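# Overview (structure and organization)
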Amino acid sequence: MKKLSVLGTSLVLTGCTVVPIPLNTALFPGLVPQSPPTHRALQTEVGMPVVSTNTTTIVPPQISPTATPGSTLPTATTTIPITTTQPITITSTGSQTSAQEMNPIGERIFRNETDGDASKLLRWNSQGNFADLGIGHLVWYPANQRGSYAETFPSFLKYAQSKNVPLPTWLANRPSDGGPWANKAAFERAKDDKQMRELATFLEKTTGLQAAFMADQLRRNMPSMVQTLPAQYRQAALNNFQIMEKTPGGLYPMLDYMVFQGTGASVNERYNGHGWGLLQVLLNMEKVQPGPNALAEFMRSAGDSVTHRVAAAPADRHEARMLSAWQTRVRTYKVPTRIGVASR
């Protein structure tokens, strides 16, 4: 989990680098496609950030050994700073999307993330010591505290106010941008408080607004995200991003995949050099035109990415138990989710 959320000013919002080693496919018979993508460099090459010279394995955040098959990793904790001297700019092919238009997408991601349980929109990230909120894993640090991850929840609140969406009174009148809980213990003690219940209700009712916020942040930060890729692959990633933007229903696959698998921009979204985030999915798409073929191709590439992730994961992380749920989620990408919520 690492990072819309996750979506910070440099959107390394909201996902890992190492020396490539041979993949032991014998440990996972039948999981890895027999013919990995050949139209682009293997992920062991594409996954390596251009600014990194670190040759030691970076261990991603823990997945609880008791996690349920539907559990996902918050993307918020994969935020890293992007170092770049060659800015890239793109002209977005998508217009600003209203929260109302994004409601079906927000509702779908809400179901994917929580099975419709609003209480699961309230989480605490112990590794980063911050509240992890909403469908996009928005980061909210305690008052007067900061960390290595971009804080995004206060930005979302300002976004909501700019759209004339009323906030719970205690949020609107908060004395500072900082969160009211000093640590996980305080957060857990407050779980049944009136303020916490109001926060859960607010987040449940604004899933469309959160999705719109995430989409705006993704468009704004895509040029910075691709700077983490080797120069020869940046344009391909941008091209496929724009193809998905032009595709009816193309925002849902990109936003949802980023929420539960990360952006792919972070060095923490790697296993032995194999990346699995949104950038890697875009890179490994075959060239297609906007439309149904683009949705199908994104789905195929995403399916390959989660499969390769599981095969490359250290055995003690037991990620094979997650694969079926991840593949089920990816299969929802083939049906446009725009004016109605696509069914599984």
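Use the structure listed above.
Values in this document were obtained by computation on a predicted structure and should not be read as measured data.

### A closer look at the overall build of the protein chain
Counting its secondary structure elements, the protein chain contains 12 helices and 5 strands. Buried positions account for 58% of the 344 residues belonging to the protein chain. Accessible area for the protein chain stands at about 14500 Å²; split by element, carbon and sulfur atoms hold 52% of it.

### Some words on the pattern of salt bridges
Where charged atoms from two side chains of opposite charge come close, those side chains can pair. All chains considered together, the criterion is met by 13 salt bridges. Asp177 is the salt-bridge partner of Arg174, the closest N and O atoms lying 3.4 Å from each other. Each member of the salt-bridge network shares a partner with another, and the members are Glu113, Asp256 and Arg329.

### Things to note about the nonpolar core
Judged by nonpolar contacts, the single largest core of 79 residues is most densely connected at Phe153, Trp181, Leu199, Tyr257 and Phe298. When residues of this core are assigned to their parent elements, the largest contribution, 10 residues, is made by helix H7 (residues 207-226). Beyond its immediate sequence surroundings of up to four residues, Leu199 is in contact with Leu122, Leu133, Phe153, Trp170, Leu171 and Trp181.

### Some details on helix H8 (residues 231-246)
Here H8 spans 24 Å end to end across 16 residues, near enough to the 22 Å set by a 1.5 Å rise per residue. Every buried residue of H8 is listed here: Tyr233, Arg234, Ala236, Ala237, Leu238, Asn240, Phe241, Gln242, Ile243, Met244 and Glu245.

### Focus on the pairing of strand S1 (residues 122-125)
Covered by surrounding structure in S1 are Leu122 and Trp124 together with Arg123 and Asn125, the residues of both alternating faces. Between S1 and strand S2 (residues 130-133), which follow one another and run antiparallel, lie 4 residues, and Asn129 among them has a positive phi close to 55°.

### Observations regarding the packing of aromatic side chains
Counted according to the given criterion, the structure contains 18 aromatic pairs. Measuring from centroid to centroid gives 4.8 Å for Trp140 and Phe153, while their planes differ by 45°, and the two rings are tilted. Placement of the pair is Trp140 in strand S3 (residues 138-140) and Phe153 in helix H3 (residues 153-162), with a sequence separation of 13 residues. A network of ring pairs unites the aromatic residues Trp124, Trp140, Phe153, Phe156, Tyr159, Trp170, Trp181, Phe187, Phe202 and Phe213 as a single cluster.

### Details of the environment of Ala215
Here Ala215 is to be found in helix H7. In this structure Ala215 comes out as buried when scored by relative accessible area, which is 0%. The spatial distance from the C-alpha of Ala215 to the C-alpha of Leu251 is 7.4 Å, given a sequence separation of 36 residues. Those residues within four positions of Ala215 in sequence are excluded, and the remaining contacts are Met102, Leu251 and Leu255.

### Re unusual backbone geometry
Among all residues except glycine, the phi angle is most often negative; among peptide bonds, the trans geometry is most common. Non-glycine residue Asp115 carries a positive phi angle of around 60°. Topologically, Asp115 is positioned in the loop between helix H2 (99-114) and S1. With a phi angle near 60°, Asn164 is a residue other than glycine that sits in the positive phi range. In this fold, Asn164 is placed in the loop between H3 and helix H4 (169-172). Note on Asn164: relative accessible area 70%, which makes it exposed.

### Quick notes on the environment of Ala302
Topologically, Ala302 is positioned in helix H11 (residues 292-312). The exposure class of Ala302 is buried, given its relative accessible area of 0%. Residues Ala302 and Arg331 lie 29 residues apart in sequence; the distance between their C-alpha atoms is 9.1 Å. Here Ala302 is in contact with Tyr257, Val281, Val330 and Tyr333, once residues within four sequence places are set aside.

### Re H7
End to end, H7 covers 27 Å across 20 residues, agreeing with the expected 28 Å (1.5 Å per residue, within 8%). Maximal helix bending in H7 amounts to about 45°, located at Arg220; proline Pro223 follows within four positions. For H7, the tally of buried residues reaches 18 of 20 residues, placing the bulk of the element in the interior.

What counts, and where the lines are drawn
Residues numbered from 1 in each chain as written. Predicted model: local features only at pLDDT ≥ 70, side-chain atom pairs only at ≥ 80, totals over all residues. Heavy atoms only, no water. Helix = DSSP H or I, 4+ residues; strand = E, 2+ residues; numbered from the N terminus. Buried < 20%, exposed > 50% of the residue type's maximum accessible area, 1.4 Å probe, protein only. Areas by Shrake-Rupley, 256 points an atom, 1.4 Å probe, with all protein chains shown as cover. Salt bridge = Lys/Arg side-chain N within 4 Å of Asp/Glu carboxyl O. Core = buried A, V, L, I, M, F, W, Y, C linked by side-chain atoms within 4.5 Å. Contact = heavy atoms within 4.5 Å. Expected span 1.5 Å × (residues − 1). Pairing = 2+ DSSP bridges. Phe/Tyr/Trp six-rings, centres within 6.5 Å; stacked < 30°, edge-to-face > 60°. Bend = angle between axes of the 7 residues up to and from the residue.

Coordinates in, geometry out; function isn't part of it.
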